[in-house]
Amino acid sequence: MAAVICGSLAFDSIMNFGGQFADQILPDQIHKLNVSFFVPQMRREFGGCAGNIAYALHLLGGQAHIVAALGNDGADYAKYLETQGISTAHIMQRTDIYTAQAMIMTDAANNQITAFHPGAMQMAHECTIPATVGEKDIGIVAPDGREAMVLHAAQLARQGLPFVFDPGQGLPMFNGAELLAFIEQATWVTVNDYEAEMLRERTGLSLPELAANVHGLVVTLGNEGCDVYENGSCSRVAPVQAVAALDPTGCGDAFRGGLLYGLERGWSLARSAALGNHMGAIKIAHFGPQNYHIDASALLAKVA
């Protein structure tokens, strides 16, 4: 039993701004925006959607097969994954380009401004998913290079592997027809509330109508939990109170790691999402996307 995780691997440079972005930006001057934010703290972390999801799944005891691309500065990331016990067999390393880089700035209200250089991620379509997969395996197509997302979704569908379509920040790259093509191939879809509105607007379909094309649709709502659409109805999965809200970077990926763990074990979508809520609440109390730890047995008992 394993999860094929298609998505980005990146280095995250994470900066914290002590104020609020809204106090520094003049709405009537946005046409000539020129602002500077003083960020006394900065950290460089291992990140990217595929790496973050794999990390979360691995903490729970799941097995991850990452399908992604690293650049000529990615040797340390590959070594780190191997040290964690996460397979690098399907990770390509390019020698002619940098690994993807995300520069993330978070304000006191947990709003974020991100600049992203795709680097080797643009070549991720050269990575192919494992030729053979197990009967109980599962997949996810997370944000990645445009060509890679299209190709990997088609490959998973051809192999008959159930998978989650998680467009995330890659959603704006696709028009309505292209997004519907992803959904037709996918088994489940997960988006946050902002992405849900964009998905609805671009496809021209309501969330219940979109959910009718898959086994289920999950819309995450931050500290309000998440909504699960399936079998013609919508139910709210209760939020989990975090002990602290320190850094939202990677919270959505932690949620998806929990979601995958449950789905590959045949749990209901709501129960899988509940585990995802727990993972997101644990992650937000730690700086960086892959610096938290869990007591897997105790956590799994909470959603039994």
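Reading the values: the criteria
Residues numbered from 1 in each chain as written. Predicted model: local features only at pLDDT ≥ 70, side-chain atom pairs only at ≥ 80, totals over all residues. Heavy atoms only, no water. Helix = DSSP H or I, 4+ residues; strand = E, 2+ residues; numbered from the N terminus. Buried < 20%, exposed > 50% of the residue type's maximum accessible area, 1.4 Å probe, protein only. Polar contact = N/O pair within 3.5 Å; in protein donor to acceptor, adjacent residues only side chain to side chain. Pairing = 2+ DSSP bridges. Axes fitted to C-alpha atoms, helices over the stretch in contact; angles between N-to-C directions. Contact = heavy atoms within 4.5 Å. Core = buried A, V, L, I, M, F, W, Y, C linked by side-chain atoms within 4.5 Å. Phe/Tyr/Trp six-rings, centres within 6.5 Å; stacked < 30°, edge-to-face > 60°.

Student: With reference to specific residues and values, describe the environment of Thr83.
Tutor: As for its position among the elements, Thr83 is in helix H3 (residues 75-84). The class of Thr83 is exposed, set by a relative accessible area of 62%. Along the sequence, Thr83 and Phe37 sit 46 residues apart, while their C-alpha atoms lie 36 Å from each other. Within the structure, the side chain of Thr83 is placed 2.9 Å from the backbone oxygen of Lys79, a separation counted as a polar contact.

Student: Which residues make up the sheet that holds strand E1 (residues 3-6), and what values go with them?
Tutor: In space, the 9 strands of this open sheet follow the order E5-E4-E1-E8-E9-E10-E11-E12-E13, with mixed pairing throughout. Both edges of this open sheet fall to strand E5 (91-93) and strand E13 (233-237), since each of them pairs with a single strand only. Averaged over all neighbouring strand pairs, the angle between strand axes comes to 20°, with direction disregarded. Across 3 bridges, strand E8 (residues 138-141) lies against strand E9 (residues 163-165) in parallel orientation.

Student: Tell me about the sheet that holds strand E3 (residues 41-47), and please be specific about residues and values.
Tutor: With respect to topology, 4 strands assemble into an open sheet ordered E3-E2-E6-E7, the strand pairing being mixed. Whereas interior strands pair on both sides, the edge strands pair on one side only; in this sheet they are E3 and strand E7 (112-117). Strand-to-strand twist of the sheet, defined as the mean angle between neighbouring strand axes without regard to direction, takes the value 20°. Pairing of strand E6 (residues 100-106) with E7, which is carried by 6 bridges, proceeds in the antiparallel orientation. Among the inter-strand pairings, Met103 is bridged to a residue of E7, identified as Ala115. Across the sheet, H3 touches strand E2 (10-16) and E3, and the angle it forms with E3 is around 65°.

Student: Which residues make up the nonpolar core, and what values do they have?
Tutor: Residues Ile5, Leu9, Ile66, Leu260 and Leu275 are the most contacted members of the largest nonpolar core, which totals 48 residues. Examining the composition of this core, we find that 9 residues originate from one element, helix H2 (residues 49-60), more than from any other. Excluding residues that lie within four positions of it along the chain, Leu260 makes contacts with Ala3, Ile5, Ile53, Ile138, Gly139, Ile140 and Val164. Among the nonpolar cores identified, the runner-up in size contains 36 residues, and Ala153, Phe174, Met198 and Val214 belong to it.

Student: An account of the packing of aromatic side chains is needed here, citing residue identities and associated values.
Tutor: Under the criterion given, the structure shown has 12 aromatic pairs. Ring geometry for Phe11 versus Phe46: centroids 6.1 Å apart, planes at 40°, classification tilted. Highlighted residues: Phe11 in strand E2 and Phe46 in strand E3, separated in sequence by 35 residues. Owing to a relative accessible area of 24%, Phe46 belongs among the partly exposed residues under this scheme. Between the aromatic rings of Phe17 and Phe21, the centroid separation amounts to 5.9 Å while the plane-to-plane angle is 0°, which identifies the pairing as stacked.

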